[in-house]
Amino acid sequence: MGNSFGRVFRISTFGESHGKAIGVIVDGCPAGLEIDEAFIQKELERRKPGQSKITTQRKEGDEVEILSGTFEGKSTGTPISMLIRNQDQKSKDYSHIAESFRPSHADFTYQAKYGLRDYRGGGRSSARETAARVAAGAIAKLLLKHYGVQINAYVSQVGEIKLDKPYQQLDLSQTDSNIVRCPDAALAEQMIGYIDLIRKERDTVGGIVSCVVKNTPVGLGEPVFDRLHADLGKAMLSINAVKGFEYGSGFAGIALRGSQHNDEFYTEEGKVKTKTNHSGGIQGGISNGEDIYFKVAFKPVATIMQDQASINEAGEAVTVSGKGRHDPCVVPRAVPIVEAMCALVLADHLLLNKLSKL
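Thresholds, definitions, all that
Residues numbered from 1 in each chain as written. Predicted model: local features only at pLDDT ≥ 70, side-chain atom pairs only at ≥ 80, totals over all residues. Heavy atoms only, no water. Helix = DSSP H or I, 4+ residues; strand = E, 2+ residues; numbered from the N terminus. Rg over C-alpha atoms; globule rule 2.2 N^0.38 Å. Buried < 20%, exposed > 50% of the residue type's maximum accessible area, 1.4 Å probe, protein only. Contact = heavy atoms within 4.5 Å. Areas by Shrake-Rupley, 256 points an atom, 1.4 Å probe, with all protein chains shown as cover. Lys, Arg positive; Asp, Glu negative; His and termini not counted. Charge placed at Lys NZ, Arg CZ, Asp CG, Glu CD. Expected span 1.5 Å × (residues − 1). Pairing = 2+ DSSP bridges. Axes fitted to C-alpha atoms, helices over the stretch in contact; angles between N-to-C directions. Parallel < 35°, antiparallel > 145°, perpendicular 65-115°, else oblique. Nonpolar A, V, L, I, M, F, W, Y, C, P; charged D, E, K, R; others polar. Left-handed = near helix turned anticlockwise from the far one by under 90°. Disulfide = S-S within 2.5 Å.

A. Representation of the overall build of the protein chain in the model. Of the regular secondary structure elements, the protein chain holds seven helices and 18 strands. The C-alpha radius of gyration computed for the protein chain amounts to 21 Å, which stays within 12% of the reference 21 Å derived for 358 residues, consistent with globular compactness. Overall, the C-alpha framework of the protein chain stretches about 65 × 50 × 35 Å when taken along its three principal axes. When the 358 residues of the protein chain are sorted by exposure, 50% land in the buried category. Intrachain contacts of the protein chain at a sequence separation of at least 6 include 71% that bridge at least 24 residues. When the accessible surface of the protein chain is summed, it comes to about 17,300 Å², and 51% of that surface belongs to carbon and sulfur atoms. Distance from the positive charge centre (44 side chains) to the negative charge centre (43 side chains) of the protein chain: 1 Å.

B. Structural detail: helix α4 (residues 185-200). Under the 1.5 Å per step criterion, the end-to-end length of α4 is 23 Å for 16 residues, consistent within 8% with the ideal 22 Å. Of the residues making up α4, those classed as buried are Leu187, Ala188, Met191, Ile192, Ile195, Asp196 and Ile198. Buried positions along α4 lie against β8 (150-158), β9 (161-162) and α7 (331-353). Positioned one or two residues after α4, arginine 202 has a phi angle of 60°, which is positive.

C. Looking closely at the environment of leucine 228. Considering the arrangement of structural elements, one finds leucine 228 in helix α5 (residues 228-237). Classification of leucine 228 by relative accessible area gives buried; the value is 0%. Beyond its immediate stretch of four places on either side in the chain, leucine 228 contacts Leu220, Gly221, Ile282, Gly285, Ser287, Ile292, Val345, Leu346 and His349.

D. Seen up close, the pairing of strand β17 (residues 307-311). Judged from the five bridges that link them, β17 and strand β18 (residues 317-321) form a sheet pairing that is antiparallel. Bridge assignment links alanine 309 to a residue of β18, and that residue is threonine 319. In this antiparallel pair of consecutive strands, β17 and β18, the connection spans five residues, and glycine 315 shows a positive phi of 85°.

E. Quick peek at the packing of helix α1 (residues 37-47) against α7. As a packed pair, α1 and α7 sit with axes 7 Å apart at the nearest point and diverge in direction by 140°. It follows that α1 is oblique to α7 by the angle criterion. Residue-level inspection shows Glu43, Arg46 and Arg47 of α1 in contact with α7, the latter providing Arg333, Val335, Pro336, Ile337 and Glu339. The residue makeup of the contact of α1 with α7, split by class, is three nonpolar, no polar and five charged.

F. Main features of the packing of α5 against α7. Put simply, α5 and α7 touch, their axes get as near as 9 Å, and they point 145° apart. The handedness of the crossing between α5 and α7 comes out as right-handed. Two secondary-structure elements touch here, α5 through Leu228, Asp231, Leu232, Ala235 and Met236 and α7 through Val338, Met341, Cys342, Val345, Leu346 and His349. Tallied by class, the residues present in the contact of α5 with α7 amount to nine nonpolar, one polar and one charged.

G. View of the environment of threonine 56. Here threonine 56 lies in the loop between α1 and β4 (64-68). A relative accessible area of 5% places threonine 56 in the buried class. Spatially, the C-alpha atom of threonine 56 lies 9.1 Å from that of valine 330, the residues being 274 residues apart in sequence.

H. Spatial organisation of α5. Taken across its 10 residues, α5 has seven buried, putting it largely inside the fold. Within α5, the full set of buried residues consists of Leu228, His229, Asp231, Leu232, Gly233, Ala235 and Met236.

I. Fine view of the sheet that holds strand β11 (residues 242-247). In spatial order, the strands read β9-β8-β10-β16-β11; together these five strands make up an open sheet with antiparallel pairing. Edge positions in the open sheet fall to β9 and β11, since each of these has one partner strand only. Pairing of strand β10 (residues 207-214) with strand β16 (residues 292-298), which is carried by seven bridges, proceeds in the antiparallel orientation. The residue bridging cysteine 211 from the neighbouring strand is phenylalanine 294, located in β16. Contacting β8, β10 and β16, α7 runs over the sheet at an angle of about 145° to β8.

J. Structural context of the state of the cysteines. The full count for this structure, using the stated rule, is zero disulfides. This cysteine, cysteine 29, is not joined by any disulfide, and cysteine 342 carries the nearest cysteine sulfur, 17 Å off. The class of cysteine 29 is buried, set by a relative accessible area of 3%. Among the cysteines around cysteine 342, which has no disulfide bond, cysteine 211 carries the closest sulfur, lying 4.5 Å off. Accessibility expressed as a relative area gives 0% for cysteine 342, which makes it buried.

These figures come from the coordinates and say nothing about function on their own.
Structural data, given as structure tokens:
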């Protein structure tokens, strides 16, 4: 019912924003992988609320409990279950929308689909669910690390403030050196100032998270419907507030001629490479060994601290007032989520690829 992702390396998440806990079951992780709990916790801390003045002030420790699937620090090949308990719910902040629909939220669609909904923080539709994905993605990252694959996401745009430098000119080790997670220090300060201004004006703003994958093995991706970029697109579009995905040259590539866009091959020290990488490391839906790079567009957070016109369950006109604790811009906390979903796709395809030939 849409709560699971992946085929070989498969996850199923559970829980609601204001329930007792959220969690995930990871099935298909090979036995013998060292499970670094400190690393998993660090990844969760990159996503957790209350990090800074430009994120929601909900206080959650997001401490992970591994309940099964490991022994003496290594995976056993059985399902790995992880639990993250909710600690700072303020459900009363949502009592005013128990029968009203917030604009651009999932309130109306959930009510129409299921006939009832958990209005406390959006229930299952809340971005709180993504903490479970980050925990699972951390295990996928540990698996990919075993094969030398590196994933680095960063904030490249907030509103109209855009980082124009290509990723090759950036020091991506500096991404987490500031609260907005932009590796360009000067531009990061502009972004932080703008998000804080938007917050003070009781409004929200969107942005873009860019992601780069290095050292991807050649051959990941399945024709025809399970192409690597198609699965990456599905993964990113499954994240709350995502409105767009493009990889490689993306939409800008349409302005080029084929003679300009084609990535010519050559060999270097016996390794096949391409002179350019408009393909974004994927050709025919299969990785070619070059860097995979893509962008993910996030809309402005739907909850704003202003009055908005809407309707209630009876179809009557009402005024909805924003309350509670919400991000003025989601992209700083979305960086580890994008990395996690990317890692889950690559881990799944890496294991799946072992079945492709003798």
